[in-house]
Amino acid sequence: MKIREKFLSLAVPDISDEEKREVTEALDSGWISVGPKVKEFENLFAEYHEVKHAIAMSSCTTALFIAAKVLGVSKGDFVIVPTITWQSTANIVEQLDATPLFCDVDSDTLNINITDIEDHIKNYGSKIKAIIPVHHSGLPADIDEITKISDKHNIPVIYDAAHAVFSSYKNKMIGQYGAMSTFSFYATKNITTGDGGMITTNDDNLAELCRLWSYHGLPKDSWKRYSAENASPHVQSIVPGYKFNLTDIQAALGIAQLKRKDDLLSKRNFLAETYNEFFKYYDWIDTPVFQTEHGKWGNHVYVIKIIDEDIDRDRLMQELRKMNIGTNLHFYPVHKNLYYEKKYPGVKLPVAEWLKERILTLPLCTKYSVSDLEYVRDSLDHIYENRLANKTVFI
Ligand SMILES: Cc1ncc(COP(=O)(O)O)c(C=O)c1O
(Lines give C-alpha, C1' and ligand atoms only; values in the text may rest on other atoms or scores of the structure.)
Protein backbone atom coordinates (compact mmCIF):
# COMPACT_ATOMS: atom_id res chain seq x y z
CA MET A 1 0.00 0.00 0.00
CA LYS A 2 1.32 3.43 -0.91
CA ILE A 3 2.07 5.57 2.16
CA ARG A 4 0.72 9.12 1.98
CA GLU A 5 3.31 11.89 2.00
CA LYS A 6 1.62 14.35 4.29
CA PHE A 7 1.12 13.36 7.93
CA LEU A 8 -2.56 13.05 8.81
CA SER A 9 -2.63 14.38 12.35
CA LEU A 10 -5.48 13.71 14.75
CA ALA A 11 -7.03 17.11 14.05
CA VAL A 12 -6.09 20.53 12.70
CA PRO A 13 -7.97 23.79 13.32
CA ASP A 14 -10.43 24.97 10.67
CA ILE A 15 -9.63 28.66 10.20
CA SER A 16 -11.42 30.60 7.46
CA ASP A 17 -11.11 34.19 6.18
CA GLU A 18 -13.83 35.11 8.68
CA GLU A 19 -11.57 34.25 11.66
CA LYS A 20 -8.69 36.18 10.06
CA ARG A 21 -10.93 39.22 9.55
CA GLU A 22 -12.14 39.15 13.17
CA VAL A 23 -8.61 38.76 14.55
CA THR A 24 -7.29 41.60 12.39
CA GLU A 25 -10.12 43.78 13.65
CA ALA A 26 -9.10 42.99 17.24
CA LEU A 27 -5.43 43.66 16.49
CA ASP A 28 -6.24 47.02 14.86
CA SER A 29 -8.65 48.08 17.61
CA GLY A 30 -6.15 49.36 20.16
CA TRP A 31 -7.37 46.84 22.75
CA ILE A 32 -6.17 43.25 22.62
CA SER A 33 -6.59 41.88 26.15
CA VAL A 34 -9.94 41.21 27.83
CA GLY A 35 -12.35 43.70 26.26
CA PRO A 36 -15.29 44.07 23.88
CA LYS A 37 -14.53 40.96 21.80
CA VAL A 38 -14.52 38.81 24.94
CA LYS A 39 -17.87 40.32 25.92
CA GLU A 40 -19.29 39.65 22.44
CA PHE A 41 -18.04 36.06 22.50
CA GLU A 42 -19.56 35.50 25.96
CA ASN A 43 -22.88 36.93 24.80
CA LEU A 44 -22.94 34.79 21.65
CA PHE A 45 -22.08 31.69 23.67
CA ALA A 46 -24.73 32.39 26.31
CA GLU A 47 -27.28 32.92 23.54
CA TYR A 48 -26.30 29.67 21.77
CA HIS A 49 -26.57 27.62 24.97
CA GLU A 50 -29.62 29.61 26.14
CA VAL A 51 -28.00 30.17 29.50
CA LYS A 52 -27.92 33.30 31.66
CA HIS A 53 -24.15 33.62 32.10
CA ALA A 54 -21.13 32.65 30.02
CA ILE A 55 -17.77 33.59 31.52
CA ALA A 56 -14.75 33.30 29.23
CA MET A 57 -11.61 31.73 30.69
CA SER A 58 -8.08 30.97 29.54
CA SER A 59 -8.83 27.21 29.24
CA CYS A 60 -11.25 24.52 30.33
CA THR A 61 -8.72 23.57 33.00
CA THR A 62 -8.83 27.02 34.59
CA ALA A 63 -12.62 27.02 34.14
CA LEU A 64 -12.85 23.74 36.08
CA PHE A 65 -10.52 25.07 38.76
CA ILE A 66 -12.54 28.24 39.25
CA ALA A 67 -15.87 26.39 39.18
CA ALA A 68 -14.68 24.02 41.93
CA LYS A 69 -13.13 26.90 43.87
CA VAL A 70 -16.32 28.97 43.93
CA LEU A 71 -18.29 25.93 45.11
CA GLY A 72 -15.94 25.96 48.09
CA VAL A 73 -13.93 22.81 47.32
CA SER A 74 -10.97 22.95 49.69
CA LYS A 75 -8.65 20.98 51.96
CA GLY A 76 -10.09 17.70 53.23
CA ASP A 77 -13.00 17.63 50.75
CA PHE A 78 -13.76 14.88 48.23
CA VAL A 79 -14.84 15.32 44.61
CA ILE A 80 -16.26 12.59 42.35
CA VAL A 81 -14.70 12.33 38.87
CA PRO A 82 -14.62 9.72 36.10
CA THR A 83 -11.25 8.12 35.45
CA ILE A 84 -11.65 8.20 31.67
CA THR A 85 -10.98 11.91 31.19
CA TRP A 86 -8.18 14.37 30.58
CA GLN A 87 -6.16 14.76 33.76
CA SER A 88 -7.38 18.33 34.33
CA THR A 89 -10.66 17.01 35.75
CA ALA A 90 -8.77 15.39 38.63
CA ASN A 91 -5.72 17.68 38.74
CA ILE A 92 -7.80 20.69 39.74
CA VAL A 93 -9.18 18.71 42.69
CA GLU A 94 -5.62 17.99 43.86
CA GLN A 95 -4.66 21.65 43.34
CA LEU A 96 -7.44 22.61 45.74
CA ASP A 97 -6.02 20.16 48.35
CA ALA A 98 -9.06 17.93 47.97
CA THR A 99 -9.22 14.24 47.01
CA PRO A 100 -10.62 12.90 43.72
CA LEU A 101 -12.85 9.85 44.05
CA PHE A 102 -12.49 8.00 40.75
CA CYS A 103 -15.43 6.30 39.07
CA ASP A 104 -15.43 3.72 36.31
CA VAL A 105 -17.22 4.41 33.02
CA ASP A 106 -19.85 2.74 30.87
CA SER A 107 -18.07 0.62 28.25
CA ASP A 108 -20.33 1.84 25.43
CA THR A 109 -20.69 5.56 26.11
CA LEU A 110 -17.39 6.02 28.01
CA ASN A 111 -19.34 8.22 30.44
CA ILE A 112 -19.30 8.06 34.24
CA ASN A 113 -20.77 4.98 35.92
CA ILE A 114 -23.77 5.98 38.04
CA THR A 115 -23.46 3.09 40.52
CA ASP A 116 -19.90 4.14 41.32
CA ILE A 117 -21.13 7.68 42.11
CA GLU A 118 -23.70 6.23 44.51
CA ASP A 119 -21.12 3.96 46.14
CA HIS A 120 -18.78 6.88 46.81
CA ILE A 121 -21.64 8.85 48.34
CA LYS A 122 -22.43 5.90 50.62
CA ASN A 123 -18.81 5.85 51.77
CA TYR A 124 -17.97 9.55 52.02
CA GLY A 125 -21.36 11.27 52.45
CA SER A 126 -21.24 14.97 53.20
CA LYS A 127 -17.47 15.15 52.71
CA ILE A 128 -18.18 15.12 48.97
CA LYS A 129 -18.33 18.71 47.77
CA ALA A 130 -18.91 18.24 44.02
CA ILE A 131 -19.43 15.75 41.20
CA ILE A 132 -17.63 16.45 37.90
CA PRO A 133 -18.99 14.18 35.15
CA VAL A 134 -17.52 14.46 31.65
CA HIS A 135 -19.58 14.43 28.44
CA HIS A 136 -17.09 12.15 26.70
CA SER A 137 -16.60 12.92 22.99
CA GLY A 138 -19.55 15.28 23.40
CA LEU A 139 -22.01 12.45 24.20
CA PRO A 140 -23.98 13.70 27.22
CA ALA A 141 -23.53 11.85 30.51
CA ASP A 142 -26.69 10.43 32.14
CA ILE A 143 -27.88 13.86 33.29
CA ASP A 144 -31.29 12.70 34.62
CA GLU A 145 -29.71 10.17 36.98
CA ILE A 146 -26.93 12.54 38.00
CA THR A 147 -29.46 15.29 38.75
CA LYS A 148 -31.50 12.92 40.94
CA ILE A 149 -28.38 12.03 42.95
CA SER A 150 -27.28 15.66 43.15
CA ASP A 151 -30.72 16.79 44.40
CA LYS A 152 -31.09 13.93 46.86
CA HIS A 153 -27.70 14.47 48.52
CA ASN A 154 -27.39 18.19 47.89
CA ILE A 155 -24.09 17.84 46.04
CA PRO A 156 -23.54 20.33 43.21
CA VAL A 157 -22.52 19.14 39.74
CA ILE A 158 -19.96 20.76 37.46
CA TYR A 159 -20.20 19.24 34.00
CA ASP A 160 -16.87 18.96 32.24
CA ALA A 161 -18.20 19.86 28.79
CA ALA A 162 -14.74 20.28 27.22
CA HIS A 163 -15.91 18.17 24.23
CA ALA A 164 -19.51 19.21 24.18
CA VAL A 165 -19.91 22.66 22.69
CA PHE A 166 -22.36 21.28 20.09
CA SER A 167 -24.16 18.82 22.37
CA SER A 168 -27.69 18.79 23.70
CA TYR A 169 -29.74 16.75 26.16
CA LYS A 170 -33.53 16.50 25.99
CA ASN A 171 -33.40 19.15 23.26
CA LYS A 172 -31.68 21.67 25.54
CA MET A 173 -28.12 22.77 24.98
CA ILE A 174 -25.70 21.12 27.37
CA GLY A 175 -24.48 24.35 29.01
CA GLN A 176 -27.79 24.67 30.86
CA TYR A 177 -27.26 21.67 33.13
CA GLY A 178 -25.75 21.39 36.60
CA ALA A 179 -24.50 24.23 38.78
CA MET A 180 -21.97 25.05 36.06
CA SER A 181 -20.56 23.61 32.82
CA THR A 182 -17.04 24.16 31.54
CA PHE A 183 -16.02 24.16 27.86
CA SER A 184 -12.67 23.96 26.05
CA PHE A 185 -11.57 25.87 22.96
CA TYR A 186 -8.18 24.15 22.73
CA ALA A 187 -6.66 23.92 19.22
CA THR A 188 -8.28 20.58 18.33
CA LYS A 189 -11.71 21.22 19.85
CA ASN A 190 -14.98 21.59 17.91
CA ILE A 191 -14.55 25.34 18.00
CA THR A 192 -11.19 26.81 18.89
CA THR A 193 -9.59 30.00 20.15
CA GLY A 194 -6.10 28.40 20.16
CA ASP A 195 -6.52 27.93 23.88
CA GLY A 196 -9.53 29.05 25.84
CA GLY A 197 -12.49 28.03 27.92
CA MET A 198 -15.95 29.05 29.10
CA ILE A 199 -18.04 28.58 32.23
CA THR A 200 -21.81 28.60 31.81
CA THR A 201 -24.32 28.92 34.64
CA ASN A 202 -27.83 30.17 35.35
CA ASP A 203 -26.84 31.13 38.88
CA ASP A 204 -26.14 34.89 39.31
CA ASN A 205 -24.15 34.43 42.48
CA LEU A 206 -21.88 31.69 41.05
CA ALA A 207 -21.33 33.78 37.91
CA GLU A 208 -20.25 36.76 39.96
CA LEU A 209 -17.88 34.62 42.04
CA CYS A 210 -16.36 33.07 38.89
CA ARG A 211 -15.63 36.51 37.47
CA LEU A 212 -14.19 37.69 40.75
CA TRP A 213 -11.90 34.70 41.39
CA SER A 214 -10.72 34.47 37.79
CA TYR A 215 -9.66 38.10 37.55
CA HIS A 216 -7.41 39.18 40.44
CA GLY A 217 -10.34 39.25 42.85
CA LEU A 218 -11.35 42.59 41.32
CA PRO A 219 -15.00 43.45 41.09
CA LYS A 220 -14.37 45.14 37.69
CA ASP A 221 -12.29 43.86 34.76
CA SER A 222 -9.58 45.96 33.06
CA TRP A 223 -11.73 46.93 30.13
CA LYS A 224 -14.24 48.47 32.49
CA ARG A 225 -11.46 50.30 34.33
CA TYR A 226 -9.69 51.71 31.27
CA SER A 227 -12.48 52.34 28.78
CA ALA A 228 -13.53 55.98 28.46
CA GLU A 229 -17.06 55.44 29.76
CA ASN A 230 -15.94 53.64 32.92
CA ALA A 231 -12.63 55.34 33.73
CA SER A 232 -11.92 54.77 37.39
CA PRO A 233 -8.56 53.34 38.48
CA HIS A 234 -9.64 52.87 42.09
CA VAL A 235 -10.50 49.24 42.32
CA GLN A 236 -9.33 46.80 44.92
CA SER A 237 -9.11 43.04 45.26
CA ILE A 238 -11.80 41.72 47.53
CA VAL A 239 -10.45 38.14 47.35
CA PRO A 240 -6.92 36.92 46.40
CA GLY A 241 -8.02 36.02 42.85
CA TYR A 242 -6.22 34.36 39.95
CA LYS A 243 -5.72 35.70 36.41
CA PHE A 244 -7.42 33.29 34.06
CA ASN A 245 -9.06 35.55 31.46
CA LEU A 246 -9.39 35.08 27.69
CA THR A 247 -8.05 37.87 25.44
CA ASP A 248 -9.81 39.81 22.69
CA ILE A 249 -7.51 38.22 20.08
CA GLN A 250 -8.61 34.75 21.16
CA ALA A 251 -12.25 35.80 21.51
CA ALA A 252 -12.15 37.16 17.94
CA LEU A 253 -11.34 33.64 16.76
CA GLY A 254 -14.15 32.26 18.93
CA ILE A 255 -16.72 34.72 17.56
CA ALA A 256 -15.98 33.72 13.97
CA GLN A 257 -15.93 30.00 14.84
CA LEU A 258 -19.23 30.25 16.68
CA LYS A 259 -20.83 32.01 13.71
CA ARG A 260 -19.76 29.00 11.58
CA LYS A 261 -21.11 26.46 14.09
CA ASP A 262 -23.81 24.95 11.85
CA ASP A 263 -21.36 24.34 9.06
CA LEU A 264 -18.69 22.97 11.41
CA LEU A 265 -21.17 20.65 13.14
CA SER A 266 -22.70 19.25 9.96
CA LYS A 267 -19.24 18.53 8.50
CA ARG A 268 -18.17 16.82 11.71
CA ASN A 269 -21.32 14.71 11.81
CA PHE A 270 -20.94 13.79 8.16
CA LEU A 271 -17.35 12.61 8.67
CA ALA A 272 -18.17 10.67 11.85
CA GLU A 273 -21.07 8.98 10.03
CA THR A 274 -18.72 8.16 7.16
CA TYR A 275 -16.40 6.34 9.57
CA ASN A 276 -19.42 4.55 11.10
CA GLU A 277 -20.48 3.35 7.65
CA PHE A 278 -16.94 2.14 6.89
CA PHE A 279 -16.66 0.06 10.05
CA LYS A 280 -20.27 -1.14 10.26
CA TYR A 281 -19.45 -4.77 9.47
CA TYR A 282 -15.98 -5.01 11.02
CA ASP A 283 -15.90 -7.70 13.66
CA TRP A 284 -12.66 -6.45 15.20
CA ILE A 285 -13.67 -2.81 15.62
CA ASP A 286 -16.45 -1.34 17.78
CA THR A 287 -17.71 2.06 16.62
CA PRO A 288 -18.73 4.81 19.07
CA VAL A 289 -22.24 5.45 20.37
CA PHE A 290 -23.69 8.44 18.51
CA GLN A 291 -26.78 9.14 20.50
CA THR A 292 -28.39 8.01 23.76
CA GLU A 293 -32.10 8.17 24.59
CA HIS A 294 -31.90 11.89 25.38
CA GLY A 295 -28.43 13.03 24.42
CA LYS A 296 -27.09 14.08 21.04
CA TRP A 297 -23.45 13.76 20.23
CA GLY A 298 -21.26 16.67 19.20
CA ASN A 299 -18.67 14.36 17.62
CA HIS A 300 -15.60 15.83 19.21
CA VAL A 301 -13.43 12.73 18.96
CA TYR A 302 -13.97 9.46 17.08
CA VAL A 303 -13.00 6.68 19.48
CA ILE A 304 -13.09 3.08 18.28
CA LYS A 305 -12.43 -0.04 20.35
CA ILE A 306 -10.17 -2.78 19.06
CA ILE A 307 -12.20 -5.73 20.29
CA ASP A 308 -10.04 -8.44 18.73
CA GLU A 309 -7.82 -9.13 21.72
CA ASP A 310 -5.16 -10.66 19.47
CA ILE A 311 -4.41 -7.18 18.22
CA ASP A 312 -1.99 -5.19 20.31
CA ARG A 313 -3.47 -1.69 20.24
CA ASP A 314 -0.13 0.04 20.89
CA ARG A 315 1.49 -1.83 18.02
CA LEU A 316 -1.45 -0.87 15.84
CA MET A 317 -0.88 2.79 16.72
CA GLN A 318 2.79 2.42 15.81
CA GLU A 319 1.92 0.84 12.48
CA LEU A 320 -0.59 3.61 11.75
CA ARG A 321 2.15 6.11 12.56
CA LYS A 322 4.35 4.42 9.94
CA MET A 323 1.48 4.94 7.49
CA ASN A 324 1.69 8.67 8.38
CA ILE A 325 -1.47 8.66 10.47
CA GLY A 326 -1.65 10.27 13.91
CA THR A 327 -3.86 8.67 16.57
CA ASN A 328 -4.48 9.23 20.26
CA LEU A 329 -6.17 7.81 23.35
CA HIS A 330 -9.26 9.40 24.88
CA PHE A 331 -8.32 8.62 27.54
CA TYR A 332 -5.62 6.81 29.45
CA PRO A 333 -7.36 6.34 32.85
CA VAL A 334 -6.32 9.09 35.23
CA HIS A 335 -6.04 6.73 38.21
CA LYS A 336 -3.34 4.82 36.26
CA ASN A 337 -1.22 7.96 35.78
CA LEU A 338 2.05 7.83 37.75
CA TYR A 339 1.07 10.54 40.23
CA TYR A 340 -2.35 9.10 40.99
CA GLU A 341 -1.34 5.45 41.07
CA LYS A 342 1.33 6.28 43.62
CA LYS A 343 -0.95 8.44 45.76
CA TYR A 344 -4.08 6.22 45.52
CA PRO A 345 -2.66 2.73 44.93
CA GLY A 346 -5.75 0.61 45.67
CA VAL A 347 -8.06 1.98 42.97
CA LYS A 348 -9.44 -0.75 40.66
CA LEU A 349 -11.75 0.23 37.83
CA PRO A 350 -12.10 -2.77 35.51
CA VAL A 351 -13.91 -1.21 32.53
CA ALA A 352 -11.45 1.68 32.33
CA GLU A 353 -8.54 -0.71 32.72
CA TRP A 354 -9.85 -2.83 29.84
CA LEU A 355 -10.45 0.29 27.72
CA LYS A 356 -6.89 1.43 28.44
CA GLU A 357 -5.66 -1.35 26.13
CA ARG A 358 -8.50 -1.25 23.58
CA ILE A 359 -9.50 2.33 22.71
CA LEU A 360 -8.06 4.23 19.77
CA THR A 361 -8.94 7.72 18.54
CA LEU A 362 -8.84 8.16 14.77
CA PRO A 363 -8.21 11.45 12.92
CA LEU A 364 -11.33 13.59 12.68
CA CYS A 365 -11.71 17.29 11.94
CA THR A 366 -13.64 19.46 9.55
CA LYS A 367 -10.56 20.09 7.37
CA TYR A 368 -10.46 16.40 6.39
CA SER A 369 -12.15 14.87 3.39
CA VAL A 370 -13.74 11.47 2.77
CA SER A 371 -10.55 10.42 0.96
CA ASP A 372 -8.50 11.14 4.11
CA LEU A 373 -10.86 8.87 6.05
CA GLU A 374 -10.68 6.24 3.31
CA TYR A 375 -6.93 6.28 3.69
CA VAL A 376 -7.32 5.61 7.44
CA ARG A 377 -9.73 2.72 6.75
CA ASP A 378 -7.50 1.23 4.04
CA SER A 379 -4.48 1.48 6.34
CA LEU A 380 -6.35 -0.29 9.13
CA ASP A 381 -7.40 -3.02 6.64
CA HIS A 382 -3.86 -3.35 5.41
CA ILE A 383 -2.40 -3.67 8.89
CA TYR A 384 -5.11 -6.06 10.06
CA GLU A 385 -4.77 -8.32 7.05
CA ASN A 386 -1.02 -8.56 7.66
CA ARG A 387 -1.26 -9.18 11.37
CA LEU A 388 0.59 -11.96 13.12
CA ALA A 389 -1.30 -14.29 15.43
CA ASN A 390 0.93 -13.70 18.46
CA LYS A 391 -0.42 -10.27 19.44
CA THR A 392 1.68 -8.32 16.95
CA VAL A 393 0.94 -6.49 13.76
CA PHE A 394 3.15 -5.62 10.83
CA ILE A 395 2.95 -4.01 7.42
C1 LIG B 1 -12.48 16.06 29.19
C2 LIG B 1 -11.53 17.22 29.22
N3 LIG B 1 -11.56 18.06 30.27
C4 LIG B 1 -10.75 19.13 30.35
C5 LIG B 1 -9.84 19.40 29.35
C6 LIG B 1 -8.94 20.58 29.48
O7 LIG B 1 -9.18 21.51 28.46
P8 LIG B 1 -8.15 22.70 28.19
O9 LIG B 1 -7.08 22.17 27.32
O10 LIG B 1 -8.98 23.75 27.50
O11 LIG B 1 -7.65 23.16 29.49
C12 LIG B 1 -9.77 18.57 28.24
C13 LIG B 1 -8.80 18.84 27.18
O14 LIG B 1 -8.68 18.17 26.19
C15 LIG B 1 -10.63 17.45 28.17
O16 LIG B 1 -10.59 16.60 27.12
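This is a predicted model, so every value here is computed, not measured. (Residues numbered from 1 in each chain as written. Predicted model: local features only at pLDDT ≥ 70, side-chain atom pairs only at ≥ 80, totals over all residues.)

**Q** How do you make sense of the sheet that holds strand β7 (residues 172–173) when you look at a structure like this?
**A** The strands making up a sheet associate through backbone hydrogen bonding, with each pair oriented either parallel or antiparallel. Pairing within the open sheet is antiparallel, and its 3 strands lie in the order β7-β6-β11. Both edges of this open sheet fall to β7 and β11 (295–296), since each of them pairs with a single strand only. (Pairing = 2+ DSSP bridges. Helix = DSSP H or I, 4+ residues; strand = E, 2+ residues; numbered from the N terminus.)

**Q** In this structure, what is going on with the domain arrangement of the protein chain? I would like to understand it.
**A** When the parts come together, some accessible area is lost, and that loss is often what is quoted as the size of the interface. When the domains of the protein chain are assigned, the result is domain 1 (17–259) and domain 2 (261–385). Computed over C-alpha atoms, the centres of domain 1 and domain 2 are 25 Å apart. Counting residues at the interface gives 29 residues for domain 1, matched by 29 residues for domain 2. (Domains from an automatic or database assignment. Contact = placed C-beta atoms within 7 Å.)

**Q** I tried to follow helix α14 (residues 370–385) on my own but got confused; where do I start?
**A** Residues that lie three or four places apart on an α-helix share one face, since the helix turns once every 3.6 residues. Look at α14: 22 Å from first C-alpha to last across 16 residues, which is about the 22 Å you get at 1.5 Å a residue. Where α14 is concerned, the buried positions are Leu 373, Tyr 375, Val 376, Ser 379, Leu 380 and Ile 383. Along the axis of α14, the buried residues cluster in a sector spanning 150°; they form a single face. Along α14, the residues that are exposed and aim more than 90 degrees away from the buried face are Val 370, Ser 371, Glu 374 and Glu 385. In this structure, the buried side of α14 is in contact with α10 (261–279), α11 (313–322) and β13 (359–362). (Expected span 1.5 Å × (residues − 1). Buried ≥ 20, exposed ≤ 12 C-beta atoms within 10 Å, placed from the backbone. Arc of directions from axis to C-beta.)

**Q** I'm lost on the site of the ligand in this one. Help?
**A** Lining the immediate environment of the ligand, one finds 14 residues, of which Ser 59, Cys 60, Thr 61, Trp 86 and Ser 184 sit closest. Those elements that place two or more of their residues in the shell around the ligand are α3 (60–70) and α4 (88–95). Classifying every residue of the shell around the ligand gives 5 nonpolar, 8 polar and 1 charged. (Near = placed C-beta within 6 Å. Nonpolar A, V, L, I, M, F, W, Y, C, P; charged D, E, K, R; others polar.)

**Q** Whenever I open this one, the sheet that holds β13 confuses me. Can you help?
**A** The strand order across the open sheet built from 3 strands is β10-β12-β13, with neighbouring strands paired in antiparallel fashion. In the strand order of this sheet, the two ends are held by β10 (285–286) and β13, each with one partner. Two strands pair when backbone bridges link them, and β10 and strand β12 (residues 302–306) are joined in this way by 2 bridges, in the antiparallel orientation. Within β12, the position partnered with Asp 286 by the bridge is Lys 305.

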